[in-house]
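Reading the structure
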Amino acid sequence: MTLRIRTAEISDIGAIDAILQRCYPRLLKADYPPSVLANALPRMTQAQPKLIVSGTYFVAEDRDGVLIGAGGWTATIPGKDDQQTGRANVRHVVTDDRALRRGIARALMEHSFDTARASGATWMHCMATRTAVPFYEAVGFENLGPISVPLAPGIDFPAVEMRKDL
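Predicted model, so just to flag it, every value in this text is computed and none were measured. (Residues numbered from 1 in each chain as written. Predicted model: local features only at pLDDT ≥ 70, side-chain atom pairs only at ≥ 80, totals over all residues. Heavy atoms only, no water.)

**Thoughts on the pattern of salt bridges**
Counting across every chain of the model gives nine salt bridges. Residue Asp 165 is joined to Arg 163 by a salt bridge in which the shortest nitrogen-to-oxygen separation is 3.1 Å. Taking the relative accessible area as the measure of exposure, Arg 163 reaches 29% and is therefore partly exposed. (Salt bridge = Lys/Arg side-chain N within 4 Å of Asp/Glu carboxyl O. Buried < 20%, exposed > 50% of the residue type's maximum accessible area, 1.4 Å probe, protein only.)

This is the structure:
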């Protein structure tokens, strides 16, 4: 598969939203009860403009220029403005569910590892969905155990904390 990874632009928001809204419900339903997804998905399936224009969020396009994946990293800790020396944070990774197992997410993560390393990061932190744990382990992350990610007041999402040295 011919794949192009590029830095995301504000004009990509609609395409990223479409992938998130179509794929997350399908991909997550085997690992989360409907009650969790009903509260979490409206918050998880919207592209974050600040992240999109961060310069460290990327999209994957097929040979026809169709967006088929997105993901990246930030130096700031998700939900906070804090930074920790050497730490990069995986952010909002998604692959079109019609194009799974074609190396798209791996290519996005390899690009993220390279750019984070070039920016001085020495390790990467990830708050993975239960569904994504096998993928992150396959690209070298260590499973640190279950965590709860606050999405909004009173709405927490069960996830798995992971770490990879760069």
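**Comments concerning unusual backbone geometry**
Of note, the phi angle at His 92 is positive, near 40 degrees, even though the residue is not glycine. You can see His 92 is positioned in strand S4 (residues 87–95). Backbone geometry at Arg 101 places phi at a positive 65 degrees, although glycine is not the residue there. Residue placement: Arg 101 occurs in the loop between S4 and helix H4 (104–118). Here Arg 101 falls in the exposed class, since its relative accessible area comes to 85%. (Helix = DSSP H or I, 4+ residues; strand = E, 2+ residues; numbered from the N terminus.)

**What about the nonpolar core?**
Core analysis: the largest hydrophobic core is formed by 24 residues, its most contacted members being Val 90, Met 109, Met 124, Cys 126, Tyr 136, Phe 141 and Met 162. Contributing elements (two or more residues each) for this core: strand S2 (57–62), strand S3 (67–74), S4, H4, strand S5 (123–128), helix H5 (133–138) and strand S7 (155–165). Per-element tally for this core: the top contributor is H4, with five residues. If sequence neighbours within four positions are ignored, Val 90 has contacts with Gly 72, Trp 73, Met 109, Met 124, His 125, Cys 126, Tyr 136 and Phe 141. Ranked by size, the runner-up nonpolar core spans 23 residues in total, among them Leu 41, Ala 47, Leu 51 and Ala 70. (Core = buried A, V, L, I, M, F, W, Y, C linked by side-chain atoms within 4.5 Å. Contact = heavy atoms within 4.5 Å.)

**Thoughts on the environment of Tyr 32**
Within the secondary structure layout, Tyr 32 lies in the loop between helix H1 (13–28) and helix H2 (34–44). A residue is classified by how much of its surface remains accessible, and Tyr 32, at 4% relative accessible area, is buried. Those residues in contact with Tyr 32, other than ones at most four positions away along the chain, are Leu 37, Thr 129, Arg 130, Thr 131, Phe 157, Pro 158 and Ala 159. Polar side-chain contacts of Tyr 32 include one of 2.8 Å to the backbone nitrogen of Arg 130. (Polar contact = N/O pair within 3.5 Å; in protein donor to acceptor, adjacent residues only side chain to side chain.)

**A short note on the sheet that holds strand S1 (residues 3–7)**
Taken together, the seven strands give an open sheet; going across it, the order is S1-S2-S3-S4-S5-S7-S6, and neighbouring strands pair in mixed fashion. Looking at the sheet topology across the chains shown, the edges are occupied by S1 and strand S6 (142–152). This sheet shows a mean twist of 30 degrees between the axes of neighbouring strands, independent of strand direction. Alignment of S5 against S7, held across six bridges, turns out to be antiparallel. (Pairing = 2+ DSSP bridges. Axes fitted to C-alpha atoms, helices over the stretch in contact; angles between N-to-C directions.)

**A short note on the state of the cysteines**
A full pass over the atoms with the stated rule returns zero disulfides. With no disulfide of its own, Cys 23 lies 18 Å from the sulfur of Cys 126, the closest cysteine sulfur. (Disulfide = S-S within 2.5 Å.)

**Re the confidence of the model for the protein chain**
Summarising the model, the protein chain shows a mean pLDDT of 94, and 99% of its residues fall at 70 or more. Confidence, expressed as mean pLDDT per element, reaches its minimum in the protein chain at H2 with 93 and its maximum at H5 with 98. (pLDDT = per-residue confidence, 0-100.)

**Looking at the environment of Ala 70**
Structurally, Ala 70 is set in strand S3. For Ala 70, a relative accessible area of 0% gives the class buried. For the pair Ala 70 and Ala 47, spaced 23 residues apart in sequence, the C-alpha to C-alpha distance is 10.0 Å. In contact with Ala 70, not counting residues within four places along its chain, are Ile 16, Tyr 57, Phe 58, Val 59, His 92, Val 93, Val 94 and Leu 108.

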